[in-house]
Amino acid sequence: MCLTQKIGKMEEILIVENISVGNEELEILRDISFDVKKNEIISIVGESGCGKSMTLRTIIRLLPKNLKILNGDIIFEGMKLKDLKEKEMNRIRGKKIGMIFQEPSSYLNPLFTIGNQIEEAIEGNIKKREKKEMVIKILKEMGLPITTYYQYPHQLSGGMQQRAMIAIALINGPSLLLADEPTTALDVTTAFSIINLLKNLVTNHNLSILFVTHDISLANHISDRIIVMYGGTIVEIGKSKEIYENPLHPYTKKLIECLPQRYKKGERIKTIEGEVPFFKNLPAGCPFSQRCDYKMKICEEQKPGKIFFENRIVKCFKYGNIVES
Amino acid sequence: MKGILNKLRKKNLIAFISFWIILFLYFLAITADFIAPYPFNKQFRNYPLCPPTKVHFFDKNKKFHLRPFVYEYKLINPALNQYEILTEKICPIYFFVKGERRKILGLFYSDRYLFGTKEGKIFLFGTDMHGRDIFSRIVYGARISLSIGILGVLTSFFLGFLIGGISGYFGGKIDNIIMRIVEIFMVFPSFYLMLSLRAAFPINLSSFQVYLLIVVILSFIGWAGLARIIRGMVLSIKEEEYVLAAKALGLSTFKIIFKHIIPNTFSYSITAITLSIPGYILGESTLSLLGLGIQEPYPSWGNMLSVCIGNLRILSTAPWMLISGFFIFLTIISFNFLGDGLRDVLDPKNW
Amino acid sequence: MEILWKVEELKKEYEIRTEFKKEKIIALKNINIEIFKGEVFGVVGESGSGKTTLGKVLIRLIEPDEGKIFYKNIEITKIPERFLRRYRKNFQIIFQDPYKSLNPRIRCGYAVMEGIDGNKKEKTEKAIEILNLVGIKKERFYDYPHQFSGGERQRIAIARALSTNPEFIVCDEPTSNLDVSVQGQILNLFIDLKEKFNLTYLFITHNLKILRFIADRIAVMFKGEIVELGRTEEILKNPSHPYTEKLLKSEI
């Protein structure tokens, strides 16, 4: 159940309900529930192995062969995605939901021109000339020179490649863009301009973005709401500014405390002991219990359930004794 | 070593089996003196092109004999090499039987053989047109064919590593010059190069000289391609960060090349070694097949096949003459499977 | 303050050959810097700025094309490698990618032992001690790199760098490939080790926020040149070069 359902069902373009992903041996994602509203940017924040990329792949149904959705559903613009056949899902991928990735050079085919690759993504029976016009138009919007149409990926810089990939993702006018760490591999100045580009696109294109990152300060900068994940489950959801200034979950607190910009020379960064455990080695009870400063007995035995607290959703026994069902 | 075998068994059963097949073949080669019932050049004039003598446990009266036996074969039509099997004469097979005295591995004398008959003859794979036991010639021939393969490969690889390693590590002018030389070697079609090199030497050399010559020729052809690949690998490994770190630690060039760079080429090179042995075995077989390799009476699996050339009648009348081809095939395919299996096992991520 | 490194007019070019033409890429140009003992000298720049090349050329893992490098007043630019080897123990390097900087075929303990002098027993003991110092327990001495996580591998790399008792360490983006929480641990480790062993660092990164926290002076690099150099606080408060301003504005 999501907070925003009270406001109006037309607001949400994506509702993820109690999703679990895994196979007989293990569960990679557990109890994932959130929603994305129109024209909203939501960030999923977490470190490597927390399941944030897997969540995106679940939504667009590009999971590896040995994993499947065990539970729950995904509702996109009123449609249930979990049980769609592959053919029908293909009509949504790249058309209604777009996706961009971290390393643009790996995802662009080195053998074809940019123009060619963007045209390839265009859906529908459209004449070649019109397709070309569409491509030129979107290249302009992305801030790319028209000559890019004829260029190959290796002739472009990292930032330009990323813009090209965004063009491919948006050419069909999707309402949702899934972004998997699109700026992590880019230089600081380039990343900055891509972030600004994405923000403009949201306003001008009626777009919503689900933005995955490991950098919570970036998440705070770009998004309206933040979802914090750890050990395959969501530990906190709330408005970005509120979370950033007043984190509730101990892990979120630590993530923010780890940022070097909060310290002066001579101080030591307050970090978390240890590292993120592999899925096979997740503890019983709360996944963060082993590394948590506030660990109580119940944390080692039970998994905390969703608690609604001050406009936030938190999964932590510090704020209540609700156990995951 | 044990660990590698265990991993092979778990991951790639065929490779594991192949390993034992190869080991068995080499065992046969080494113990040929003991296993072969007859000397490789002993001609039995009464038994030319004799078919393989079948081993029986039940005689014509369906009586079971504990000791396996063969029947006496008698040549009834010399022109057509037809034999009659005399089922009245039972010739039991004895183990550790006494026979002619000869030297085992050139070290000591013995007159014991693994198996043999006191009467009659046991030709497990038949005989050739001179009446020589093919089974004995196969196990003796294994010595030549299997050892030349290994020696040739090892020499090539030694050269390839040395030259490729130097070229890759030092780069610059040295690299340029060496690579141009390597390319000249690679340009020659290997088959014709092999023939011409052989032809450059007198036809009538002692068998030992011929043996060495073949090893040299084979490694002469093979090293160049290898040197180029090793050089490529060294060039890229040289830039890896752990090599730079070793340099920063102050390690000597020698140590860097042999401790850090070369071992990281093993995942490719050991596999490549295993996979190229078949080529060398075939090279020797080809030379011997054409009469340029090991000469009569010494058997090699290649020259045993050479008698079939131009004599296709053999295939219908005496197909057992081709059995050395089967052994070549078995060896090659086993090395191929083994090489494949080794590739996985040697990746340190699987340790 | 003692000057540890002095670099004069350093230049490094690369030639890239495509199918039709040769292109010259200038990796380093007009580099003149001094590094003082005990300081953390930060270098910031984007990809292609030459910051990584600077680190590798300084300790002559890559040969410069022109210029002079002085280590404690000894010119090391032209010394043949076999003499330079004696000095190498004094300056070490830690790389960015913890997955590539360790030889995958060598056990972690042995990798740390390589740079230590002495007989096998002494080497082993010292290696165990250093690994302990960086947070790797004794039980893992014989494990292979792929059995460790990214943060642990980086610690092993740090242990390896410490094994020769160096005075100076080039830190080439040592935390860029690590998770945020691990990054904090490693940065703390760097500071602790610096205090314990009186180390000097050349700290290369694209992340100004880290330098703000750890560096005494910062050099800003752009297209192979140092465009600005000065004390951390000065540069961050009053940048004089437009590129530095751009970098600061892009900070989130």
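The structure displayed is predicted, hence computed values, not measured ones.

## Observations concerning the sheet that holds strand E5 (residues 74-75) of chain C
Residue and element names in this part refer to chain C. Pairing is antiparallel in the open sheet, where 4 strands are placed in the order E2-E1-E4-E5. In this open sheet, the two strands that pair with only one neighbour each are strand E2 (22-36) and E5. Pairing between strand E1 (residues 3-17) and strand E4 (residues 66-71): 5 bridges, direction antiparallel. Paired with Val7 across the strands is Ile69, a residue of E4.

## Quick notes on the interface of chain A and chain C
Each side of the interface is counted separately: chain A has 23 residues, and chain C has 23 residues. Secondary-structure elements contributing two or more residues to the side of chain A that touches chain C are helix H7 (188-205), helix H8 (216-222) and helix H10 (250-257) of chain A. Per-class residue counts for the side of chain A that touches chain C are 10 nonpolar, 7 polar and 6 charged.

## Observations regarding the environment of Met296 of chain A
All names here are of chain A. On the secondary structure map, Met296 appears in the loop between H10 and helix H11 (297-301). The class of Met296 is exposed, set by 12 C-beta atoms lying within 10 Å. In this structure, the C-alpha to C-alpha distance between Met296 and Ile28, residues 268 residues apart in sequence, is 25 Å.

## Comments concerning helix H5 (residues 150-162) of chain C
Turn by turn, an α-helix covers 3.6 residues, leaving residues three or four places apart pointing in a common direction. Between its first and last C-alpha, H5 of chain C extends 19 Å over 13 residues, near the 18 Å set by a 1.5 Å rise per residue. Along H5 of chain C, 12 of the 13 residues are buried, which leaves the element largely enclosed by surrounding structure. Of the residues making up H5 of chain C, those classed as buried are Gly151, Glu152, Arg153, Gln154, Arg155, Ile156, Ala157, Ile158, Ala159, Arg160, Ala161 and Leu162 of chain C. Against helix H8 (241-248) of chain B together with strand E6 (91-94), helix H3 (108-113), helix H4 (120-133), strand E7 (168-172) and helix H6 (180-197) of chain C lie the buried residues of H5 of chain C.

## Overview of the domain arrangement of chain B
Residues and elements named next belong to chain B. According to the domain assignment, chain B contains domain 1 (37-132) and domain 2 (138-350). The interface of domain 1 with domain 2 comprises 9 residues on the first partner and 10 residues on the second. Among the residues making up the side of domain 1 that touches domain 2, the classes are represented as 5 nonpolar, 3 polar and 1 charged.

## Comments concerning the interface of chain C and chain B
At the junction of the two partners, chain C supplies 21 residues and chain B supplies 17 residues. Contributing elements (two or more residues each) for the side of chain C that touches chain B: helix H2 (81-88) and E6 of chain C. In terms of residue class, the side of chain C that touches chain B is built from 7 nonpolar, 6 polar and 8 charged.

## Describing the sheet that holds strand E5 (residues 79-80) of chain A
Residue and element names in this part refer to chain A. Spatially, E2-E1-E4-E5 is the arrangement adopted by the 4 strands of the open sheet, whose pairing is antiparallel. Every interior strand has two partners, whereas the edge strands, strand E2 (27-37) and E5, have only one. Where strand E1 (residues 12-22) lies against E2, 7 bridges are found, and the strand directions are antiparallel. Its bridge partner lying in E2, Val16 is registered against Phe34. Here helix H1 (residues 52-59) sits on the sheet and contacts E1, E2 and strand E4 (68-76); the angle it forms with E2, its principal contact strand, is near 70 degrees.

About the cut-offs
- Along each chain, residue indices are assigned from 1 in the same order as the chain's sequence is written.
- Chains carry letters from A onward and ligands carry numbers from 1 onward, assigned in written order.
- Thresholds applied to this predicted model are a pLDDT of at least 70 for local features of residues and 80 or more for the giving and counting of side-chain atom pairs; totals over whole chains, interfaces and linings are not thresholded and use all residues.
- Only when DSSP finds a minimum of two bridges between them are two strands counted as paired.
- Only runs of H or I of at least four residues qualify as helices and only runs of E of at least two qualify as strands under DSSP, and these elements are numbered from the N terminus.
- Placing C-beta atoms from the backbone, we regard two residues as in contact once those atoms come within 7 Å.
- Classification convention: Asp, Glu, Lys, Arg as charged; Ala, Val, Leu, Ile, Met, Phe, Trp, Tyr, Cys, Pro as nonpolar; all other residues, Gly among them, as polar.
- The burial criterion counts other C-beta atoms lying within 10 Å of a residue's C-beta, which is placed from the backbone; the residue is buried at 20 or more, exposed at 12 or fewer, and partly exposed between these limits.
- Multiply 1.5 Å by the residue count of a helix minus one, and that product is the helix's expected span.
- Domains are outlined according to an automatic or database domain assignment.
- Note on method: axes are straight lines fitted to C-alpha atoms, helices fitted across the in-contact stretch only, with angles between N-to-C directions ranging 0 to 180 degrees.

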